[in-house]
Amino acid sequence: AQMRVIIDTDPGIDDAIAILYALRQPEIDVAALTTVAGNIGLSVTTDNAGRIAALAGVALPVHPGAAAPLGRDPAPELGIHGQDGLGGVIFPDPLAAPSVTGAVSALAELLMTEPAGSIDLFCLAPLTNIALLLDTAPQAAARIRRIIAMGGAVDEPGNFRGTRAEFNLAHDPQAAARVLHAGLDLLLIPLDATRQLRADRAYLNQLRASHTAPAIACADLIEAYFTADAQTAESRPLHDPCVPLYALHPELFRVETRALQVDPETGALDPGPHPIKVAMGLGASGLRAALKTGLAC
Ligand code: BDR
Ligand code: CA
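What you see is a predicted model; the values in this text were computed from it and never measured.

A. Representation of the side chain of Thr-46 within the structure. Within the secondary structure layout, Thr-46 lies in helix 2 (residues 42-56). In this structure Thr-46 touches Thr-35, Val-62, Pro-64 and Pro-98, once residues within four positions along its chain are discounted.

B. The packing of aromatic side chains, seen in detail. A full pass over the atoms with the stated rule returns two aromatic pairs. With 6.0 Å between their ring centres and 50° between their planes, Phe-160 and Phe-167 make a pair best called tilted. Accessibility expressed as a relative area gives 4% for Phe-167, which makes it buried. Taken together, a centroid distance of 5.3 Å and an interplanar angle of 75° make the contact between Tyr-246 and Phe-253 edge-to-face.

C. Focus on the sheet that holds strand 6 (residues 186-189). Strand order across the open sheet formed by nine strands is 3-2-1-4-5-6-11-9-10, with mixed pairing between neighbours. Both outer strands of the open sheet, strand 3 (62-64) and strand 10 (269-271), are each paired with one neighbouring strand and no more. Here the strands of the sheet are splayed against their neighbours by 35° on average, with no regard to which way each runs. With respect to the sheet, helix 8 (residues 173-180) is in contact with strand 5 (144-150), strand 6, strand 9 (253-262), strand 10 and strand 11 (274-282), its orientation differing from that of strand 9 by roughly 115°.

D. Examining the pairing of strand 2 (residues 28-35) more closely. For strand 2, the buried fraction is high: seven of the eight residues fall into the buried class. When strand 1 (residues 3-9) meets strand 2, the two strands line up parallel, connected through seven bridges. Residue pairing in the sheet places Ile-6 in a bridge with Ala-32 of strand 2. The pairing of strand 2 with strand 3 spans three bridges and is classified as parallel. The residue of strand 3 that forms the bridge with Leu-33 is Val-62. Between the parallel pair strand 2 and strand 3, the chain is carried across by helix 2, and the sense of this crossover is right-handed.

E. Spotlight on the environment of Ala-149. Its place among the elements puts Ala-149 in strand 5. On a C-alpha basis, the gap between Ala-149 and Leu-124 in space is 6.1 Å, while along the polypeptide they are 25 residues apart.

F. Up close: the site of ligand 1. Around ligand 1, the surrounding shell consists of Asp-14, Asp-15, Asn-39, His-81, Leu-124, Met-150, Asn-159, Glu-166, Phe-167, Asn-168, His-239 and Asp-240. At 3.0 Å from an oxygen atom of ligand 1 is found a side-chain nitrogen or oxygen belonging to Asp-15. Within the side chain of Asn-159, a nitrogen or oxygen atom sits 2.8 Å from an oxygen atom of ligand 1. For ligand 1, whose accessible area on its own is 280 Å², the fraction buried by protein is 96%. Of all the cavities here, the one that holds ligand 1 is the largest pocket. Elements represented by at least two residues in the shell around ligand 1 include exactly helix 1 (13-24) and helix 7 (167-171). Of the residues assigned to the shell around ligand 1, the class counts are three nonpolar, five polar and four charged.

Calculation criteria
All residue numbers refer to positions counted from 1 along the written sequence of the respective chain. Ligands are numbered from 1 and chains lettered from A, in the order in which they are written. In keeping with the model being predicted, local features are shown solely for residues with a pLDDT of at least 70 and side-chain atom pairs are shown and tallied solely at 80 or more, while totals for entire chains, interfaces and linings include all residues. Computation of side-chain values: all heavy atoms of the structure, hydrogens and water removed. The helix and strand labels rest on DSSP assignments: H or I over at least four residues marks a helix, E over at least two residues marks a strand, and numbering proceeds from the N terminus. In what follows, residue pairs with any heavy atoms lying within 4.5 Å of each other are defined as contacts. Working definition: rings of Phe, Tyr and Trp (its six-membered ring) pair if their centres are within 6.5 Å, and the pair is stacked with planes under 30 degrees apart, edge-to-face with planes over 60 apart, and tilted otherwise. For each residue, the accessible area found with a 1.4 Å probe, counting protein chains only, is set against the maximum for its type, and the residue is called buried under 20%, exposed over 50%, and partly exposed in between. For two strands to pair, DSSP has to find at least two bridges joining them. Axes here refer to lines fitted to C-alpha atoms; in helices the fit is confined to the stretch in contact. Angles between the N-to-C directions go from 0 to 180 degrees. For a crossover, the right-handed case is the one in which the path from the first strand over the helix to the second runs clockwise, viewed with the strands pointing away from the viewer. When we say a residue is near a molecule or strand, we mean one of its heavy atoms is within 4 Å of it. Polar contacts, as used here, are pairs of N or O atoms within 3.5 Å; protein pairs need one atom able to donate a hydrogen and one able to accept it. Residues neighboring in sequence count only if both atoms are side-chain atoms. What sets the accessible areas is the Shrake-Rupley method with a 1.4 Å probe; for residues, cover comes only from the shown protein chains. The way it works is a 1 Å grid over only the protein atoms, where trapped points that fit a 1.4 Å probe form a cavity and open points with protein on both sides within 12 Å along at least five of seven lines form a pocket, and then any residue with an atom within 4 Å of a point lines it. Any molecule with more than half of its atoms within 2 Å of a cavity's or pocket's grid points is regarded as sitting in that cavity or pocket. Under the scheme applied, nonpolar residues are Ala, Val, Leu, Ile, Met, Phe, Trp, Tyr, Cys and Pro; charged residues are Asp, Glu, Lys and Arg; polar residues are all the others, including Gly.

Printed below as a string of structure tokens:
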């Protein structure tokens, strides 16, 4: 059976890889992309989402969401993802203009129209849109089958400006707390796991050699990821691709339930009263192979 999915995203180099992979898997049926301010501003993440769908050859609605986190200003990551959010890699123009329906309305509509418990959310970005959905359309939110979200740092150090927090949670801590404390069926994939899924130059060369447009685009994106901020690094972590990979290969992840809470100021994960399923480890070689095969087939 196919998984019906909405991808919430802020592309973003690793978002682009995750989306290209998801769009090529026959088991995953992507209903829409919803965008949010994160790695870069909303107009760019929205345009990029359309470009990524165009490269995959899929006419997919793109719904623009929140232009800023709840109660604070955006804090883009231009150093890592570049001024265009895609590391300067050239993507085709979007096949259509972004939808006039915003992300939160589109999420609510799709969830209310399709059978309850039939839609998964893949969350690759700050959780602003999902928090707004919980507050403005709780009956719709109750119909989500499950959420798989990249975010957080549990035992690992964070990656947001030298803090213990991870970018997606730190960019909108209030939204992260709202979503992670809501008691939804949710799996969080933190840096503890995503830092184990790494691409080195040999891997990007293998992707490039596989000759499909999405695999070549991913090779270019990983190359840009090296150039942008880690010219001396031997490998780069593939954070967001862990989300669709988990959906298709859950047996390759080690999942624990931890009692946690989100610090509403910093987005750090602290010990707390909320049992949250977190992926704390993964089988990197199996997942790297699955990603490559999935992009190349
Ligand atoms: C997360 O932050 C973003 O920069 C990446 O796209 C990923 O979603 C990693 O911390
Ligand atoms: Ca992202």
